[in-house]
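Structure at a glance
Here are the chains, one letter per residue:
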Amino acid sequence: MSAGRCFSAGHEVVARYDRVSQPMTLEVLDRHSEALFEFLWCPVCGQEVFTHIPFEGVFCKNCNTQVELQESRETRGYEEAVLACFDTTTTWNLHVDEKLRRDLPDGSARVKILGAPGAYKVDWWSPEPGEDWEPVECGEFDDVEEPSEVSHLA
């Protein structure tokens, strides 16, 4: 029996081919808890809702920034240690909505999250936030109105 694996943020999809029973089956394994996704937010727009597209990945539902989760080799005794890797290659309107989105340095950033369901915390960001870059905080742009597509007639 051979198996191929495709990893995305929330699930591990395992394709199995068994020479005896011809049909290939797909098995979805939850790799990360829902609580982790309830803690996680997008550092580009500050929103907390992510969409999983099978075989493509996980994306912020608001701005389409891609996120990939990896298990960290170092847990320091915590129940979970996860690296969330954000990439703005697929982000919508990054150059237009500067008041609603903040680009990542060189288009990507990582955050290490430690803890357990209900008790997660950010351990570090890479690159480190500073004068040149700060991740958008969760809900930071909630009070900012979306630009109107209606033009004002004088």
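Let me begin by describing the structure that accompanies this report. For clarity, every value in this text was computed on a predicted model and none was experimentally measured.

Another point: the overall build of the protein chain. Of the regular secondary structure elements, the protein chain holds 1 helix and 9 strands. Listing each helix as α and each strand as β along the protein chain from the N terminus yields β-β-β-α-β-β-β-β-β-β. Counting over 154 residues, the protein chain shows a buried share of 36%. Nonlocal contacts in the protein chain, meaning residues at least 24 apart in sequence, comprise 48% of its contacts between residues at least 6 apart. Entry remark: accessible area of the protein chain is about 10,000 Å², with carbon and sulfur atoms responsible for 49%.

It is worth spelling out the pattern of salt bridges at this point. In total, this model carries 4 salt bridges according to the counting rule given. Residue Glu 74 pairs with Lys 112 through a salt bridge whose shortest N-O separation is 3.2 Å. Highlighted residues: Glu 74 in the loop between strand 6 (66-71) and strand 7 (80-87) and Lys 112 in strand 8 (residues 108-115), separated in sequence by 38 residues. According to the relative accessible area criterion, Lys 112 is buried, its value standing at 2%. Between Arg 102 and Glu 140 there is a salt bridge whose closest N-O contact spans 2.7 Å. Note that Arg 102 is positioned in the loop between strand 7 and strand 8 and Glu 140 in the segment after strand 9 (121-126), a separation of 38 residues in sequence. In this structure Arg 102 comes out as partly exposed when scored by relative accessible area, which is 26%. Judged by its relative accessible area of 35%, Glu 140 falls in the partly exposed class. Salt bridges sharing common partners tie together Glu 74, Arg 76, Lys 112 and Asp 123.

By definition, a disulfide is the covalent link that joins the sulfur atoms of two cysteine residues. With the rule as written, the count across this model stands at 0 disulfides. Not part of a disulfide, Cys 138 finds its nearest cysteine sulfur in Cys 45, a span of 9.6 Å.

In terms of nonpolar packing, the biggest core is built from 25 residues, with Leu 40, Cys 42, Phe 50, Val 67, Leu 69, Ala 84 and Phe 86 touching the most fellow members. Within the residue set of this core, elements represented by two or more residues are helix 1 (34-39), strand 5 (57-60), strand 6, strand 7 and strand 8.

Here we take up the sheet that holds strand 9. Taken together, 6 strands build an open sheet; the order of strands is 4-5-6-7-8-9 and the sheet is antiparallel. Each end of this open sheet is capped by a strand with a single partner; those strands are strand 4 (50-53) and strand 9. In this sheet, adjacent strand axes meet at a mean angle of 30° when their direction is disregarded.

All right, on to the pairing of strand 4 then. Here strand 4 pairs with strand 5 via 4 bridges, running antiparallel. Paired with His 52 across the strands is Val 58, a residue of strand 5. In textbook terms, the turn of a hairpin is the stretch between consecutive antiparallel strands, and for strand 4 and strand 5 this stretch comprises 3 residues, one of which, Phe 55, has a positive phi near 65°.

The next subject is the side chain of Ser 72. The residue Ser 72 is located in the loop between strand 6 and strand 7 in this model. The buried category is assigned to Ser 72, whose relative accessible area is 14%. Within polar-contact distance, the side chain of Ser 72 engages the backbone oxygen of Glu 74 at 3.1 Å. Beyond its immediate chain neighbours, meaning those up to four positions away, Ser 72 contacts Ala 81, Val 82, Leu 83 and Lys 112.

Looking at the secondary structure, you find Thr 88 in the loop between strand 7 and strand 8. For Thr 88, a relative accessible area of 11% translates into the label buried. Within the structure, Thr 88 has its side chain in polar contact with the side chain of Asp 103 (distance 3.3 Å). Sequence-distant contacts of Thr 88, defined by excluding residues within four places in its chain, comprise Val 44, Thr 65, Leu 94, Asp 103, Leu 104 and Gly 107.

Quick notes on the rules
Residues numbered from 1 in each chain as written. Predicted model: local features only at pLDDT ≥ 70, side-chain atom pairs only at ≥ 80, totals over all residues. Heavy atoms only, no water. Helix = DSSP H or I, 4+ residues; strand = E, 2+ residues; numbered from the N terminus. Buried < 20%, exposed > 50% of the residue type's maximum accessible area, 1.4 Å probe, protein only. Contact = heavy atoms within 4.5 Å. Areas by Shrake-Rupley, 256 points an atom, 1.4 Å probe, with all protein chains shown as cover. Salt bridge = Lys/Arg side-chain N within 4 Å of Asp/Glu carboxyl O. Disulfide = S-S within 2.5 Å. Core = buried A, V, L, I, M, F, W, Y, C linked by side-chain atoms within 4.5 Å. Pairing = 2+ DSSP bridges. Axes fitted to C-alpha atoms, helices over the stretch in contact; angles between N-to-C directions. Polar contact = N/O pair within 3.5 Å; in protein donor to acceptor, adjacent residues only side chain to side chain.

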